[in-house]
Amino acid sequence: MPQHFRGPPTSGNGGVAAGLFACLGANALTNELAQLRIRLHSPIPLTTNLDFQIERANDSKVAVSVCHKEDQILSGWTSSVIEEPLMAEETLSELQNNVVLSSEQQARFDQYVELPNPSSVDFAECFVCGPKAELGLRLRLRPITKELFWTDWYPDDRWEDGGFLATLPAVAALDCTSAAGFHLNAVLRENESCLLGTYDAQLLSAAPINNSEGLRIISRTRKREGRKIFTDIGLFGPNGTTHVLGKATWIVVSPEVAKGS
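Within each chain, residues carry numbers counting from 1 in the order of the written sequence. At least 70 in pLDDT is required for a residue's local features to be given in this predicted model, at least 80 for side-chain atom pairs to be given and counted, and no such filter applies to totals for whole chains, interfaces and linings, which use all residues. Note: side-chain values were computed over all heavy atoms of the structure, leaving out hydrogens and water.

(A) Quick peek at the overall build of the protein. Working definition: helices are DSSP H or I runs of at least four residues, strands are E runs of at least two. Numbering for both runs from the N terminus. When its secondary structure is counted, the protein shows six helices and 12 strands. Radius of gyration: over C-alpha atoms. The globule rule applied is 2.2 Å multiplied by the number of residues raised to the 0.38 power. Over its C-alpha trace the protein gives a radius of gyration of 17 Å, about what one expects of a compact globule, namely 18 Å for 261 residues. Projecting the C-alpha coordinates of the protein onto the three principal axes gives extents of approximately 50 × 40 × 35 Å. By residue count, 55% of the 261 residues in the protein fall in the buried class. Categorising residues by exposure relies on relative accessible area from a 1.4 Å probe, with only protein chains included: less than 20% of the type maximum marks a residue as buried, more than 50% marks it as exposed, and the intermediate range marks it as partly exposed.

(B) Quick peek at the pattern of salt bridges. In what follows, salt bridge is the name for a side-chain nitrogen of Lys or Arg lying within 4 Å of a carboxyl oxygen of Asp or Glu. Using the criterion set out here, one finds 11 salt bridges in the structure. As a salt-bridge pair, Arg6 and Glu125 come within 2.0 Å of each other at their nearest N and O atoms. One end of the pair, Arg6, is in the segment before helix 1 (14-27); the other, Glu125, is in the loop between helix 4 (118-121) and strand 5 (142-143), and 119 residues separate them in sequence. Assessed through its relative accessible area of 38%, Glu125 is described here as partly exposed. Among the salt bridges present, the one from Asp200 reaches Arg37, with a minimum N-O distance of 2.8 Å. With Asp200 in strand 9 (residues 193-203) and Arg37 in strand 1 (residues 35-40), this residue pair connects regions lying 163 residues apart in the sequence. For Asp200, a relative accessible area of 4% translates into the label buried.

(C) Representation of the sheet that holds strand 1. A strand pair is defined by DSSP finding two or more bridges across the two strands. Read across the sheet, 10 strands follow the order 2-3-4-1-9-12-11-10-6-5 without closing on themselves; strand pairing throughout is antiparallel. On the outer flanks of this sheet lie strand 2 (51-58) and strand 5, each paired with one strand and no other. Bridge analysis of strand 5 against strand 6 (residues 148-153) gives two bridges, and the strand direction is antiparallel. When the bridges of strand 6 are listed, Pro143 appears paired with Phe149.

(D) Local environment of the nonpolar core. Ranked by internal contacts, the top residues of the largest apolar core, which has 62 residues, are Leu74, Trp153, Leu165 and Ile217. Setting aside chain neighbours within four positions, we find Ile217 in contact with Leu139, Leu141, Phe149, Trp150, Thr151, Trp153, Ala173, Leu174, Thr177, Ile233, Gly234 and Leu235. By convention a nonpolar core is built from buried Ala, Val, Leu, Ile, Met, Phe, Trp, Tyr and Cys residues, the set being connected through side-chain atoms within 4.5 Å. Contacts are assigned to residue pairs that have any heavy atoms within 4.5 Å of one another.

(E) Spotlight on the confidence of the model for the protein. You can read pLDDT as the predictor saying how much it trusts each residue, on a scale of 0 to 100. Residues with a pLDDT of 70 or more make up 99% of the protein, whose mean pLDDT is 92. Taking the mean pLDDT of every element in the protein, the minimum, 72, falls on helix 4 and the maximum, 97, on strand 11 (residues 228-236).

(F) The packing of aromatic side chains, seen in detail. Centres within 6.5 Å make a pair out of two Phe, Tyr or Trp rings, where for Trp the six-membered ring is used; the pair is then stacked when the planes are under 30 degrees apart, edge-to-face when over 60, and tilted otherwise. All chains considered together, the criterion is met by four aromatic pairs. With 5.1 Å between their ring centres and 85 degrees between their planes, Phe109 and Trp150 make a pair best called edge-to-face. Of this pair, Phe109 sits in helix 3 (residues 103-111) while Trp150 sits in strand 6, placing them 41 residues apart in sequence. Taken together, a centroid distance of 6.4 Å and an interplanar angle of 90 degrees make the contact between Phe182 and Trp250 edge-to-face. With Phe182 in the loop between helix 5 (167-172) and strand 9 and Trp250 in strand 12 (residues 242-253), this residue pair connects regions lying 68 residues apart in the sequence. Since its relative accessible area comes to 2%, Phe182 is described here as buried. The exposure class of Trp250 is buried, given its relative accessible area of 6%.

(G) Inspection of the environment of Tyr112 at higher detail. With respect to the secondary-structure elements, Tyr112 resides in the loop between helix 3 and helix 4. The partly exposed category is assigned to Tyr112, whose relative accessible area is 23%. Separated by 59 residues in sequence, Tyr112 and Gln53 place their C-alpha atoms 45 Å apart. Discounting chain neighbours no more than four positions away, the residues touching Tyr112 are Arg142, Pro143 and Leu184.

(H) Just helix 2 (residues 89-96), in detail. Of all the residues in helix 2, the buried ones are Thr91, Leu92 and Leu95. Looking straight down helix 2, one finds that the buried residues subtend no more than 100 degrees of arc, so they occupy a single side. Along helix 2, exposed side chains directed more than 90 degrees from the buried face belong to Glu89 and Glu90. Looking at the buried side of helix 2, the elements it contacts are strand 6, strand 10 (215-225), strand 11 and strand 12. Think of it as the arc spanned by the lines of direction from the helix axis to the C-beta atoms.

(I) The arrangement of the pairing of strand 10 in detail. As paired elements, strand 6 and strand 10 share six bridges and run antiparallel to each other. Residue pairing across strands places Trp153 opposite Leu215, the latter belonging to strand 10. Direction of pairing for strand 10 relative to strand 11: antiparallel, over a ladder of nine bridges. Pairing of Glu225 across the sheet is with Lys228, part of strand 11. Linkage of strand 10 to strand 11, two consecutive antiparallel strands, is achieved through a turn of two residues, within which Gly226 is found at a positive phi near 60 degrees.

Structure follows, in structure tokens:
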């Protein structure tokens, strides 16, 4: 993985890894990719060649494994059918119902000033969320309610695939953004950080990339249990069309472990 695709300072971005994983699995499917599940076993090496294996589970599903020498880095599967819904209908409805902001939500979004925190400082050059990532997406969600975090997104032409948003950025964009607000809503303490553990994505419809109204990313933290934090997130069109849904499990670690030091 190239250096600019990093997440933590010393390892690859989990969302980009999931996007590449999706592309690997999609190439082995007979029909279009509909769902994927990925587990990150260890930090993803940068500027290092990795090996992968693909095994067909059935006509619609393949297992994918990515390794570095003898060590497994990523594992999971991709499928051309929806294996199971990623979130409850009421959760999906809540996200969709906040695609268009009320005047109060818009004011809260516009007036929010993010204070320095481990996300913005320790991961300043993270490809997905890093404010200093020159080649990155720089997606920084802001609160619109106590539970919901939101941003609009206007992907540039480098992410186009036949007039639509390519699979890799569509999947990657729902990684770090699903952890938005962990410190703000006290899911993480100031002396804690987190790393992506598992990530599921459901691809429902391709997102037009040249729409002047852009796209919307909305995230909601579901709960924390011990060292695990569970989140729901979606990529939507400006009228509420669902393009990609994501479900992530984050593992709480120390800031030193998260940075790879």
